[in-house]
Amino acid sequence: MVTPRERLAGLLGGAQAGAFSARLEAPVAGLDLEVAGVGPVRLPLRAPQVKRLISVARPALFGRGEETLSDTGVRDTWQISPDRFSLAGPSWPSLLGGALEDFRDALGLPAATRLRAEPHAMLVYGKGQFFLPHQDSEKDDAMVGTLVLSLPSAHAGGELVVEHAGHKCAYSASKTDLTLVAFYADCRHEVTPVRSGYRVTLTFNLLAEQETSEQETSERVSGPLAELAHSLDRHFGSPAKLRYSSHELDPPTRLVYLLDHEYTQRGLSWERLKGADAGRAALLRAAAGQAGCESVLALAEVKETWDAYPEGEDPWDDYGYDEDGEDDEKESGATDTDYVLQELIDDEITLGWWTGPDGVGGEQISLQVHDYEVCASTASTDLTPYDSQYEGYMGNYGNTLDRWYRRAAVVVWPRERAFAARGEAGTRWALEELRAGITRGDVDRARDHARSLAPFWKHTSPQPELLECALRVAVGLDAAETAAMLLEPFQVDALAPELAGPLAEAAARYGTGWMRRVVDEWFASERHHPPQRYQWTERLPQLCTALRAHGEATAVRLLPAGVWVTVDRGLRLWTTTGLAEIRRAQLEQLALPLRHLLAAADEELRDTVLAALRERGGHGARVPDADAAPRRGGEHTGRVGWGGARRARAGLRGPTPHGVRGAATRHRRLVGGMGRVWLRTVRCPR
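In short, a report on the structure. As the structure is a computational prediction, the values presented were derived from the model and not from experiment.

**So, the pattern of salt bridges**
- Throughout the structure, instances matching the rule amount to 22 salt bridges.
- Its salt-bridge partner being Glu 363, residue Arg 422 comes within 2.7 Å of it at the nearest N-O pair. A residue pair is termed long-range when its members are at least 10 positions apart, and Arg 422 in helix 8 (residues 418-425) and Glu 363 in strand 23 (residues 362-369) qualify at 59 residues.
- Among the residues examined, Glu 363 registers a relative accessible area of 18% and is labelled buried.
- Salt-bridge contacts for Glu 465 lead to Arg 428; the nearest nitrogen and oxygen are separated by 3.1 Å. You can see Glu 465 sitting in the loop between helix 11 (454-457) and helix 12 (467-477) and its partner Arg 428 sitting in helix 9 (residues 427-440), a full 37 residues away along the chain.
- Counted as one network, the salt bridges with shared partners bring together Arg 114, Arg 116 and Glu 209.

**Section: unusual backbone geometry**
- A cis amide bond, omega -5 degrees, links Leu 43 with the succeeding residue Pro 44.
- Tracing the sequence through the fold places Pro 44 in the loop between strand 3 (39-41) and helix 2 (47-55).
- For Asp 478, which is not glycine, the phi dihedral falls at a positive 55 degrees.
- Tracing the chain through its elements places Asp 478 in the loop between helix 12 and helix 13 (480-487).
- On the basis of relative accessibility, which here comes to 49%, the residue Asp 478 falls in the partly exposed class.

**A word on the packing of aromatic side chains**
- Per the counting criterion, the structure on display carries five aromatic pairs.
- Seen from their ring centres, Tyr 510 and Trp 514 are 4.8 Å apart, and the 40 degrees between their planes marks the pair as tilted. One exposure class covers both Tyr 510 and Trp 514, and it is buried.
- Above the plane of the ring of Tyr 263 lies Lys 274, whose end atom (NZ or CZ) is 4.6 Å from the centre.
- Its end group placed over the ring of Tyr 386, Arg 406 keeps NZ or CZ at 3.8 Å from the ring centre.

**Thoughts on the nonpolar core**
- Core analysis: the biggest nonpolar cluster contains 70 residues, and Trp 522 and Leu 559 have the highest contact counts within it.
- In this structure Trp 522 touches Leu 467, Leu 487, Glu 488, Phe 490, Gln 491, Val 492, Leu 495 and Leu 503, once residues within four positions along its chain are discounted.
- In this structure, Val 50, Trp 92, Ala 121 and Cys 187 belong to the second largest nonpolar core, which totals 54 residues.

**Describing the pairing of strand 11 (residues 130-135)**
- For strand 7 (residues 75-76) and strand 11, the ladder comprises two bridges, and the chain directions are antiparallel. Within strand 11, the position partnered with Asp 76 by the bridge is Phe 130.
- Sheet analysis places strand 11 next to strand 17 (residues 188-191), joined by three bridges and oriented antiparallel. When the bridges of strand 17 are listed, Phe 131 appears paired with Val 191.

**Focus on the sheet that holds strand 17**
- Here five strands make up an open sheet; going across it, the order is 7-11-17-14-15 and the pairing antiparallel. Each edge of the open sheet carries a strand with a single partner, namely strand 7 and strand 15 (167-171).

**Digging into the sheet that holds strand 2 (residues 32-35)**
- As summarised here, the arrangement of the three strands in space is 3-2-9, forming an open sheet in which the pairing is antiparallel. The open sheet has two free edges, formed respectively by strand 3 and strand 9 (85-88), since each of these has just one partner strand. Strand-to-strand, the axes of this sheet are offset by a mean angle of 30 degrees, without reference to chain direction.
- Here three bridges tie strand 2 to strand 3, and the two strands are oriented antiparallel to one another. Bridge pairing in strand 3 places Leu 33 opposite Val 41.

**Considerations on the environment of Leu 367**
- Along the chain, Leu 367 falls in strand 23.
- Taking C-alpha positions, Leu 367 is 5.1 Å from Leu 351, a pair spaced 16 residues apart along the chain.
- When near neighbours in sequence (up to four residues on either side) are disregarded, Leu 367 contacts Arg 254, Ile 349, Thr 350, Leu 351, Trp 354, Glu 424 and Ala 425.

**Here's the deal with the packing of helix 17 (residues 554-574) against helix 19 (residues 591-600)**
- Two elements in contact, helix 17 and helix 19, have axes separated by 10 Å at closest approach and are oriented at 150 degrees. The angle between helix 17 and helix 19 places the two elements in the roughly antiparallel class. Like other packed secondary-structure pairs, helix 17 and helix 19 cross with a definite hand, here left-handed. Facing Pro 560, Val 563, Trp 564 and Val 567 of helix 17, the residues of helix 19 in contact are Pro 593, Leu 594, Leu 597 and Ala 600.

**Brief notes about the environment of Ala 612**
- Relative to the assigned elements, Ala 612 resides in helix 20 (residues 603-618).
- A residue is classified by how much of its surface remains accessible, and Ala 612, at 11% relative accessible area, is buried.
- Taking the C-alpha atoms as reference points, Ala 612 and Asp 568, separated by 44 residues in sequence, lie 8.7 Å from one another.

**As for the pairing of strand 22 (residues 339-355)**
- Strand direction decides the pairing type here: strand 21 (residues 293-310) and strand 22, joined by 13 bridges, are antiparallel. Following the sheet pairing, Asp 307 is matched in strand 22 by Glu 343.
- As paired elements, strand 22 and strand 23 share six bridges and run antiparallel to each other. By the bridge assignment, Trp 354 is partnered in strand 23 with Glu 363.

What counts, and where the lines are drawn
- Residues numbered from 1 in each chain as written.
- Predicted model: local features only at pLDDT ≥ 70, side-chain atom pairs only at ≥ 80, totals over all residues.
- Heavy atoms only, no water.
- Salt bridge = Lys/Arg side-chain N within 4 Å of Asp/Glu carboxyl O.
- Helix = DSSP H or I, 4+ residues; strand = E, 2+ residues; numbered from the N terminus.
- Buried < 20%, exposed > 50% of the residue type's maximum accessible area, 1.4 Å probe, protein only.
- Phe/Tyr/Trp six-rings, centres within 6.5 Å; stacked < 30°, edge-to-face > 60°.
- Lys NZ or Arg CZ within 6 Å of the ring centre and 35° of its normal.
- Core = buried A, V, L, I, M, F, W, Y, C linked by side-chain atoms within 4.5 Å.
- Contact = heavy atoms within 4.5 Å.
- Pairing = 2+ DSSP bridges.
- Axes fitted to C-alpha atoms, helices over the stretch in contact; angles between N-to-C directions.
- Parallel < 35°, antiparallel > 145°, perpendicular 65-115°, else oblique.
- Left-handed = near helix turned anticlockwise from the far one by under 90°.

Geometry only, nothing functional implied.
Structure (structure tokens):
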């Protein structure tokens, strides 16, 4: 049965598609070219004049990531910057303008788009010079492609080869006329080695500008809008199913339609989509509006894992397994196209950036989408991956090919689910929007928006610095269950003394039982994290002091108690389990939280902790000294001392030779050097 999203992808796939590259020729009489240090350039070019061009040029550079490099093994050519040449002639503006209109139509850009060519460089290739396959960077927010103008000259080789989605076009330059080639910026392309003569080109950045309003453009969008809108209604109203499962889930929250071309954050906008993407995205956006949905553009990272085997091999011949590792050597030089794909094992699609619903601005996100939310008119296998990795048969796994792609997408969701759809991808955005709504006095709407986050919120991982905003929102919502839900994903190590105010306000608003539930959830999540998380307890004494200043007694009692439960669990484990060396190392990690716990605890909890330590010491454990451990510059050195353990236990039992001291005095003796508390290991056989 065809799903609504598959039907939608089929409908969009029938939209008229443009080419990824196009070529034109024009007479040389339309161009007057002058180069600083050379003067007017006569066309067609002759060798003496080209040599003069080389004399004022410099070796060309290329970009790799954020770097600009020079390597003649990658790019071997001469370059003249645009400030050193000028283009003129009575017919040049009309020649270029007409060519840009033709390229707009050939590349499938909307009729409302106006292309502009911005000079980038003059390039001179001599015999043997070349440029390896590469992809142009988008040097301007409006850049959609590259225009190459080849000047006529007698030469062999130096073809411009442009590739996209597995298709290649090779362009040779005319020896008598101007040759213009335009292609999208995400297309990989190369210049093959020049075999004789010289190849001279002018390169331009192609910038796209929208001439009409979005409303006027939408009015001209044609296509099966009613059927597309109906497919969206069915998609968002039908139960979802995972690829290999018959179990029905709730209807999808979103639809992710993958586009064909690659884009950067700067270049991602409705007005600068390329080729078939432009028409398909316009259709889907218009259909989304008819169906009562919002749509945004996004950047997606796609990973596919395929059951595969090397081309030319028998997949049933012991699965290609070779115990001597000969297969690895044979396949080490294989390319991505040297494998036969059999069955898709798994795929992962993660959205990393999207625009605002109005198409303005954007935000970094991290949202993994499910297979039942995704569709595409062009399968990723028909595109060129930016990376791939083959794992040969390893005895009980392998014969898999991983491929990674960068694709753009149109993301659609029902307008009534918009807040949850965006909130799932950005916890910061959701909390800040809720806080802004409360500040405006729109509490009812903020409360409804917050409740819409409930199905997924506990699975998010908000940044610790968002806890203050979450506490403020929790108080402002005046809804106990929703407030607790918003705070649940945070971990206790996000707490700090400066949060005492909003924490105390929340506790006062919702009461002791509510505060206990929230704190229990914070400590429950802590169980799954390593002991380094205990470092937050350095802030515990100051936090409790600040809470007391705000009159908050519940959190002052619950937070140290939660630390003790966690520490006591570790003590019980590592005083009875493992080798002595392992136990000692593990127990040393508990010194820090134990020290700060006693500094923050009330009298009742402090007595409980000390009684437990005394009990462990009486059962064969060597209890360390509770007096001050060695310090350097006022800081605890982390070394363990043992000499004062008996004195510590004696202090717990009663008066000292200098008279009776109260519990507070004994506490100062014990807390003063908690670097030595409970770090001795139990004597037991190895």
